[in-house]
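What follows is each chain in one-letter form.
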Amino acid sequence: MKFSKILGYRVFAGSKEELFEYLDTFEKVNIISGNPEVLYNGMKDSELYSIFTGGSSVIIPDGVGTVLASRIAGSPVKEKLAGIEVMQGIIESCAEEGQGIYLIGAKEEVVSACAEKLKLKYPGLNIMGWHNGYFDIDSCGEIISDIKEKKPKAVFVAMGSPRQDRFILKYMDELPCRIFMGVGGSFDVMSGNIQRAPEWMIKIGMEWLYRVSREPWRLKRLSSIPKFLTAVLLHREG
Ligand code: UDP
């Protein structure tokens with residue numbers, strides 16, 4: 001398997017098909033959508049860094065910034081792997097296999113609308129349960145018991161980073177599930193609450209610009225892209 005080494009992170013460098021084959025080799029896996037903001041935050045937080053670099057984590061190059069970073073680092077990834085598309089691929093195979101999924105995150109009306117939309121799109125899909133993302137991570141026994149009882153194959157956690165990563169770290173070992181994935185704002189998109197950028201913008205790597213135009217508060221978060229790229233550049237030179 002091919003990986004790109006970016007600032008100590010091991011980022012999956014193959015195609016989407018190769019990723020799914022690779023994921024099948026894990027007994028339990030935590031898929032990290034490695035966009036520059038997430039990876040930059042990981043560099044400043046030792047707990048996050050150890051989650052992202054842990055043996056059961058697979059970082060995918062989510063975003064043009066990470067693709068660019070892999071080129072600067074001298075080990076380019078094959079293609080961008082958008083977290084939402086990887087999530088959809090996993091859902092599709094769960095629907096085909098008759099395996100269950102569980103959704104945690106976003107506002108109540110968003111996660112329930114997301115579940116409804118998914119049921120319509122994948123009629124065979126078994127959505128075993130869902131919960132909004134506004135609860136105390138350290139005291140959520142009912143949610144954990146429900147997942148334990150239902151045993152979904154995949155748990156998608158849409159609470160933004162680092163909250164979703166901390167939740168997965170805390171409960172991954174005790175939950176009888178194979179795939180864990182933090183999916184940020186994906187439930188908002190899948191529920192129809194927020195539109196994803198048009199295909200042509202995604203293709204030319206301008207999805208981030210579309211998101212900022214729709215949600216201007218994201219502008220501040222974009223500052224981590226140049227910081228991350230500069231760190232990669234300095235690391236290469238150093
Ligand atoms: N969210 C949540 N619980 C919280 C804070 C946020 O469930 O305590 C949800 C929020 O409703 C939204 C998502 O997390 O659906 C935000 O993800 P964000 O847009 O930050 O992720 P990105 O897509 O940028 O990684």
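Throughout what follows, the structure given in this document is the object of discussion. Not measured: the values here are computed from a predicted model.

## Topic: the overall build of the chain
Right, on to step 1. Secondary structure assignment for the chain yields twelve helices and eight strands.
Right, on to step 2. For 238 residues, the compact-globule formula gives about 18 Å, and the C-alpha radius of gyration of the chain, at 17 Å, lands near that figure.
Right, on to step 3. Considered along the principal axes of its C-alpha atoms, the chain spans approximately 50 × 35 × 35 Å.
Right, on to step 4. Here the chain, with 238 residues, has 50% of them falling under the buried criterion.
Right, on to step 5. Here the chain has roughly 11500 Å² of accessible surface; of this, 53% comes from carbon and sulfur atoms.
Right, on to step 6. Averaging the coordinates of the 30 positive side-chain charges in the chain and doing the same for the 30 negative ones gives two points 5 Å apart.

## Observations regarding the pattern of salt bridges
Right, on to step 1. Taken as a whole and judged by the stated rule, the model has 15 salt bridges.
Right, on to step 2. Linking Arg 166 and Asp 45 is a salt bridge whose minimum nitrogen-to-oxygen distance equals 2.6 Å. Here Arg 166, found in helix H8 (residues 163–171), pairs with Asp 45, found in the loop between helix H2 (36–43) and helix H3 (46–52); they are 121 residues apart in sequence, far enough to count as distant.
Right, on to step 3. Among the residues examined, Arg 166 registers a relative accessible area of 28% and is labelled partly exposed.
Right, on to step 4. Exposure remark for Asp 45: the relative accessible area of 22% places this residue in the partly exposed category.
Right, on to step 5. Several salt bridges converge on common partners, so that one network encompasses Lys 16, Lys 80, Glu 85, Arg 196 and Glu 207.

## Some words on the packing of helix H1 (residues 16–23) against helix H5 (residues 83–97)
Each pair of packed helices can be described by the angle between their axes along with the distance between the axes.
Right, on to step 1. Interhelical geometry of H1 versus H5 gives an angle of 55° and a closest axis separation of 11 Å. The angle between H1 and H5 falls in the class oblique. Considering only the axes of H1 and H5, their crossing is right-handed. Each of Lys 16, Leu 19 and Phe 20 in H1 lies in contact with H5, whose residues at this interface are Glu 85, Val 86, Gly 89 and Ile 90.

## Thoughts on helix H7 (residues 141–150)
Right, on to step 1. Along H7, the residues that are buried comprise Ile 143, Ile 144 and Ile 147. All buried residues of H7 fall inside an arc of 95° around its axis, so they share one side. Counted as exposed and oriented over 90 degrees from the buried face of H7: Glu 142 and Glu 149.

## Considerations on the site of the ligand
Right, on to step 1. Taken together, 15 residues surround the ligand, and among them Gly 133, Tyr 134, Asp 188, Arg 218 and Arg 221 come closest.
Right, on to step 2. Within the contact set of the ligand, an oxygen atom lies 2.7 Å away from a side-chain nitrogen or oxygen of Tyr 134.
Right, on to step 3. In this structure, an oxygen atom belonging to the ligand sits 2.8 Å away from a main-chain N or O atom of Gly 185.
Right, on to step 4. Look at the ligand: alone it shows 560 Å² of surface, and the protein chains cover 77% of it.
Right, on to step 5. Partitioned by chemical class, the residues of the shell around the ligand number four nonpolar, five polar and six charged.

## As for the side chain of Asn 132
Right, on to step 1. The residue Asn 132 is located in the loop between strand E6 (126–131) and H7 in this model.
Right, on to step 2. Judged by relative accessible area, Asn 132 falls into the buried class, the value being 15%.
Right, on to step 3. A polar side-chain atom of Asn 132 sits 2.9 Å from a polar atom in the side chain of Glu 108.
Right, on to step 4. Within the structure, Asn 132 has its side chain in polar contact with the backbone nitrogen of Tyr 134 (distance 2.9 Å).

## Structural notes on the environment of Leu 81
Right, on to step 1. Mapped onto the secondary structure, Leu 81 falls in the loop between helix H4 (64–72) and H5.
Right, on to step 2. Expressed as a C-alpha distance, the spacing of Leu 81 and Ala 115, which sit 34 residues apart in the sequence, is 23 Å.
Right, on to step 3. Contacts of Leu 81, omitting those with residues within four sequence positions, involve Phe 12, Gly 14, Ser 15, Lys 16, Leu 19, Ile 60, Pro 61, Asp 62 and Val 86.

Cut-offs used in this document
Residues numbered from 1 in each chain as written. Predicted model: local features only at pLDDT ≥ 70, side-chain atom pairs only at ≥ 80, totals over all residues. Heavy atoms only, no water. Helix = DSSP H or I, 4+ residues; strand = E, 2+ residues; numbered from the N terminus. Rg over C-alpha atoms; globule rule 2.2 N^0.38 Å. Buried < 20%, exposed > 50% of the residue type's maximum accessible area, 1.4 Å probe, protein only. Areas by Shrake-Rupley, 256 points an atom, 1.4 Å probe, with all protein chains shown as cover. Lys, Arg positive; Asp, Glu negative; His and termini not counted. Charge placed at Lys NZ, Arg CZ, Asp CG, Glu CD. Salt bridge = Lys/Arg side-chain N within 4 Å of Asp/Glu carboxyl O. Axes fitted to C-alpha atoms, helices over the stretch in contact; angles between N-to-C directions. Parallel < 35°, antiparallel > 145°, perpendicular 65-115°, else oblique. Left-handed = near helix turned anticlockwise from the far one by under 90°. Contact = heavy atoms within 4.5 Å. Arc of directions from axis to C-beta. Near = heavy atom within 4 Å. Polar contact = N/O pair within 3.5 Å; in protein donor to acceptor, adjacent residues only side chain to side chain. Nonpolar A, V, L, I, M, F, W, Y, C, P; charged D, E, K, R; others polar.

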